[in-house]
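# Structural overview
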Amino acid sequence: MGYDRAITIFSPDGRLYQVEYAQEAVKRGLTTIGIVCEDGGVLIAERRKFSPLIDEKTLEKIVKIDEHIGTAYAGLGPDARVLMDAARTTCQIHRLLYDEDIPVETLVKRICDIKQSYTLYAGARPFGVSFLFLGVDGDKVYLFGTEPGGSYAGYKAHTVGMGAQAVQEILEKELADRQIKLEEGIRLAIRILKKISEKEITPDQVEIGVVELKTRKFRKLTQEEIEKYFKTL
């Protein structure tokens, strides 16, 4: 009973229960998907209005971190906001020091260092959020997924949030032995989100961010662009 009351206590079988509880918070978050394509990459996230009075513009699940990097999250929004601010600060410090864009993995390591530090000290709790970082370095697009405990890995395609297992199975089936263009990747991500969602998905319930190799820029699609993709499906 006592092993889950403090982050600094290991259970007899070597588990940190507070970190596992943080992972459960991520699993209850809305579905988020990332796919690396031949000519870019795409992030797609479901957003849900819990009240008709909420301004949709304040419900951001995909955020531009730097000119060449964007991120999407699943889990606790306030935890995500703090770490995204830290990510933006890290990008600007790197640019001031080295006069270049920060490598995607360098940024991911920094955020995961912060996450890991919150698994070490009493009086703190782990961040209940997982990120997908999508960005471009040189002539290659990178997608990294992070976990509440501070671990991370690079992926060809990855998902976090509700329905992650079902989404992962579809991604493995569709992308195990082939690479797709960005346009096809966007449509695939929308199809998967529509398929695994418990309710019917409409364009205003989706955010999409893309990074293109030719421009080396990350941007979010407008609502009009998202509606066009939905119509093509």
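Use the structure listed above.
Summarised in this report is the structure supplied together with it. Bear in mind the structure is a predicted one, so any value in this text is a computation, not a measurement. (Residues numbered from 1 in each chain as written. Predicted model: local features only at pLDDT ≥ 70, side-chain atom pairs only at ≥ 80, totals over all residues. Heavy atoms only, no water.)

## Examining the overall build of the protein chain
Secondary structure summary: the protein chain contains 6 helices and 10 strands in total. Relative to the compact-globule value of 17 Å for 233 residues, the protein chain shows a C-alpha radius of gyration of 18 Å, a close match. The principal-axis extents of the C-alpha atoms in the protein chain amount to approximately 55 × 45 × 45 Å. Taken across its 233 residues, the protein chain has 44% of its residues classed as buried. One finds the centroid of the 34 positive side-chain charges in the protein chain at a distance of 3 Å from the centroid of its 36 negative side-chain charges. (Helix = DSSP H or I, 4+ residues; strand = E, 2+ residues; numbered from the N terminus. Rg over C-alpha atoms; globule rule 2.2 N^0.38 Å. Buried < 20%, exposed > 50% of the residue type's maximum accessible area, 1.4 Å probe, protein only. Lys, Arg positive; Asp, Glu negative; His and termini not counted. Charge placed at Lys NZ, Arg CZ, Asp CG, Glu CD.)

## Details of the layout of surface pockets
The method is simple in principle: a probe with the dimensions of a water molecule rolls over the atoms, and the space it marks as empty is what remains. One number sums up the size of the largest pocket: a volume of about 450 Å³. Every residue lining the largest pocket is counted, 22 residues in all, and those nearest its centre are Leu59, Glu60, Lys61, Tyr73 and Gly77. Going through the elements one at a time, strand E4 (69-75) and helix H2 (77-98) are the ones with two or more residues in the lining of the largest pocket. A per-element tally of the lining of the largest pocket places H2 first, with 6 residues. Space inside the second largest pocket adds up to approximately 210 Å³. Arg47, Glu207, Lys220, Leu221 and Gln223 are, among the 13 residues lining the second largest pocket, the residues nearest its centre. Of all elements in the fold, only strand E9 (206-212) and helix H6 (223-232) reach the threshold of two or more residues within the lining of the second largest pocket. Considering each element in turn, the lining of the second largest pocket owes the most residues, 3 residues, to E9. The class makeup of the residues in the lining of the second largest pocket is 5 nonpolar, 2 polar and 6 charged. (1 Å grid on protein atoms, 1.4 Å probe; cavity = no way out; pocket = protein on both sides within 12 Å on 5 of 7 lines; lining within 4 Å. Points joined across faces, edges and corners; volume = space filled by probe spheres on them. Nonpolar A, V, L, I, M, F, W, Y, C, P; charged D, E, K, R; others polar.)

## Remarks on the pattern of salt bridges
In this structure the tally under the stated criterion is 16 salt bridges. One salt bridge in this structure joins Glu38 and Lys181, with 3.2 Å as the shortest N-O distance. You can see Glu38 sitting in the loop between strand E1 (32-37) and strand E2 (40-46) and its partner Lys181 sitting in the loop between helix H4 (164-175) and helix H5 (182-196), a full 143 residues away along the chain. On the basis of relative accessible area, Glu38 is assigned to the partly exposed category, the value being 38%. Since its relative accessible area comes to 45%, Lys181 is described here as partly exposed. One salt bridge connects Asp79 with Arg125, and the closest N-O pair in it is separated by 2.8 Å. Remark: Arg125 occurs in the loop between helix H3 (104-117) and strand E5 (129-137) and Asp79 occurs in helix H2; sequence separation between them is 46 residues. (Salt bridge = Lys/Arg side-chain N within 4 Å of Asp/Glu carboxyl O.)

## Describing the environment of Ile35
Along the polypeptide, Ile35 turns up in strand E1. Sequence separation between Ile35 and Gln18 is 17 residues; the distance between their C-alpha atoms is 30 Å. Beyond its immediate sequence surroundings of up to four residues, Ile35 is in contact with Gly41, Val42, Leu143, Lys156, Ala157, Leu171, Leu175, Ile180, Gly185, Leu188 and Ala189. (Contact = heavy atoms within 4.5 Å.)

## Notes on the pairing of E2
The element E2 is largely enclosed, with a buried count of 7 among its 7 residues. Here E2 shows no split at all, with Gly40, Val42, Ile44 and Glu46 on one side and Gly41, Leu43 and Ala45 on the other all buried. As paired elements, E1 and E2 share 6 bridges and run antiparallel to each other. When the bridges of E2 are listed, Ile35 appears paired with Val42. Counting the residues between successive antiparallel strands, the hairpin from E1 to E2 contains 2 residues. Examined bridge by bridge, E2 and E9 share 7 bridges and lie antiparallel to one another. The residue bridging Ala45 from the neighbouring strand is Glu207, located in E9. (Pairing = 2+ DSSP bridges.)

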